[in-house]
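Below are the chains, spelled out letter by letter.
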Amino acid sequence: DKILQLAIQGKLVEQDKKDEPASALVQRIKEERDKLVKEGKIRKEKPLPEITDEEKPFEIPESWEWVRLGEVGIAQTGTTPSTKYPEYFNGDIPFIKPADINEKGINYENEALTELGISKGRLIKSNSVLMVCIGGSIGKCYFTDRDVSCNQQINAITPFNEVSAKILYYFMVSNFFYDNVLNSATGTTMPIINKSNWEMLLIPLPPLAEQKRIVEKVDE
């Protein structure tokens, strides 16, 4: 995890002065969200609170920006269609549960929903990050390489075009983010972090070009 810690602090690869700063990225993300709201593709959400200086846990490079997780994409909590209706199940859209997620990937083969089932569930687009948000395996996460659905023990973030799901995944499996998940969870015997607390968590956002360099370096 030392590599991820360096990555999240902007110390893994060199900054390039020619990179467009992340502030421009944040602006385009806002525009993309507004456009989707206008087109009726997503609901208009209450804006997340501004990040105060007190909240910022460490220094990041000048070209980076602190953002809340819910600002970089569309956050959703999974849901389970009623099992009373067999016609909702045994389709083509993988239905992911916490046991299907591990640090090597996602098992897409266990259960699946039909088109009818997905109309009663949640469609989570390819290139999203799924995170278990309840119980002993809270914080376990991985990114998707296809459209899926998931149950209510999982939260999903589908990043906008300007953010790579892979960089998001690497930052979300860092000790820094995991500790924040635990600190924001409620319940002692059964920790749980709801979507609104999850969306509030901080994440540093590098410029797009640097995101690619970080992903390549971590992969290596």
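See above for the structure.
It should be emphasised that the depicted structure is a prediction, and the values quoted were computed from it without experimental measurement.

Student: Help me understand the pattern of salt bridges, please; the structure alone is not making it clear to me.
Tutor: Any two side chains of opposite charge can pair, given that their charged atoms come close. According to the stated counting rule, one finds 14 salt bridges in the structure shown. The shortest N-O distance in the salt bridge between Lys-41 and Glu-39 comes to 3.1 Å. Residue Lys-41 is classed as exposed on the basis of its relative accessible area, which comes to 60%. Taking relative accessible area as the criterion, Glu-39 reaches 40% and is therefore assigned partly exposed. Of the charged contacts in the structure, one is a salt bridge between Lys-56 and Asp-53, with a shortest N-O distance of 3.2 Å. Classification of Lys-56 as partly exposed rests on a relative accessible area of 35%. Put simply, Lys-35, Glu-39 and Lys-41 are held in one network by salt bridges that share partners.

Student: Quick question: what am I supposed to make of the layout of surface pockets here?
Tutor: Here the idea is plain: a probe the size of a water molecule rolls over the atoms and shows the empty space left. Here the largest pocket defines a volume of roughly 1400 Å³. Forming the boundary of the largest pocket are 47 residues, of which Arg-33, Gly-70, Glu-71, Gly-73 and Phe-160 lie nearest the centre. For the lining of the largest pocket, the secondary-structure elements that each account for two or more residues are helix H2 (22-38), strand E1 (65-68), strand E2 (73-77), strand E10 (154-159) and helix H6 (195-199). Ranked by residues supplied to the lining of the largest pocket, first place goes to H2 with nine residues.

Student: Explanation requested: the pairing of E10 in the structure shown.
Tutor: Here is the key point about a regular strand: its side chains alternate between the two faces of the sheet. Within E10, six of the six residues are buried, which leaves the element mostly enclosed by the surrounding structure. Burial of E10 is two-sided: the residues Ile-154, Ala-156 and Thr-158 facing one way and the residues Asn-155, Ile-157 and Pro-159 facing the other way are all buried. As judged from the four bridges shared by strand E7 (residues 129-132) and E10, these two strands associate in the antiparallel manner. Pairing of Met-131 across the sheet is with Asn-155, part of E10.

Student: It is not clear to me how the sheet that holds strand E9 (residues 149-150) should be interpreted in this structure. Could you clarify?
Tutor: Hydrogen bonds along the backbone pair up the strands of a sheet, which may run parallel or antiparallel. What the three strands build is an open sheet, ordered E6-E3-E9; its pairing is mixed. With one partner strand each, in any of the chains shown, strand E6 (112-113) and E9 form the two edges of the open sheet. Of the strand pairs in this sheet, strand E3 (residues 89-96) and E9 are connected by two bridges, and their pairing is parallel. Of the residues in E9, the one forming a bridge with Ile-96 is Cys-150.

Student: It is not clear to me how the environment of Ile-192 should be interpreted in this structure. Could you clarify?
Tutor: Residue position: Ile-192 is located in the loop between helix H5 (175-184) and H6. On the basis of relative accessibility, which here comes to 36%, the residue Ile-192 falls in the partly exposed class. In the structure, Ile-192 is positioned 44 residues away from Val-148 in sequence and 22 Å away in space, judged by C-alpha atoms. When residues no more than four places from it in sequence are discounted, the contact partners of Ile-192 are Cys-133, Ile-134, Ile-138, Ala-185 and Thr-186.

Student: Would you mind going over the packing of aromatic side chains with me for this structure?
Tutor: One pair of aromatic rings is described through two measures. These are the centre distance and the angle between the planes. Tallying each qualifying case throughout the model produces ten aromatic pairs. Taken together, the aromatic side chains of Tyr-142, Phe-143, Tyr-169 and Tyr-170 make up a single cluster linked through ring pairs. Directly above the aromatic system of Tyr-108 lies the positively charged group of Arg-146, at a separation of 3.7 Å from the ring centroid.

Student: So what exactly am I meant to see when it comes to H5 here?
Tutor: At 3.6 residues per turn, the α-helix brings residues three or four places apart onto the same side. Residues of H5 that are buried: Phe-176, Phe-177 and Val-181. In a view along the axis of H5, the buried residues occupy a sector of 135 degrees, so they form one face of it. Along its buried surface, H5 packs onto helix H1 (2-8), E1, E7, helix H4 (165-172), H6 and strand E11 (202-205).

Student: Would you explain the nonpolar core in this entry?
Tutor: Side chains of a nonpolar character, in soluble globular proteins, are inclined to be buried together. Met-172, Phe-177 and Trp-198 are the most contacted members of the largest nonpolar core, which has 60 residues in total. The contacts of Phe-177, once residues within four sequence positions are left out, are Leu-69, Met-131, Phe-171, Met-172, Trp-198, Leu-201, Leu-202 and Ile-203. Grouped together as the second largest cluster of nonpolar side chains are six residues, Phe-89, Ile-93, Leu-113 and Ile-118 included.

How each quantity is defined
- Residues numbered from 1 in each chain as written.
- Predicted model: local features only at pLDDT ≥ 70, side-chain atom pairs only at ≥ 80, totals over all residues.
- Heavy atoms only, no water.
- Salt bridge = Lys/Arg side-chain N within 4 Å of Asp/Glu carboxyl O.
- Buried < 20%, exposed > 50% of the residue type's maximum accessible area, 1.4 Å probe, protein only.
- 1 Å grid on protein atoms, 1.4 Å probe; cavity = no way out; pocket = protein on both sides within 12 Å on 5 of 7 lines; lining within 4 Å.
- Points joined across faces, edges and corners; volume = space filled by probe spheres on them.
- Helix = DSSP H or I, 4+ residues; strand = E, 2+ residues; numbered from the N terminus.
- Pairing = 2+ DSSP bridges.
- Contact = heavy atoms within 4.5 Å.
- Phe/Tyr/Trp six-rings, centres within 6.5 Å; stacked < 30°, edge-to-face > 60°.
- Lys NZ or Arg CZ within 6 Å of the ring centre and 35° of its normal.
- Arc of directions from axis to C-beta.
- Core = buried A, V, L, I, M, F, W, Y, C linked by side-chain atoms within 4.5 Å.

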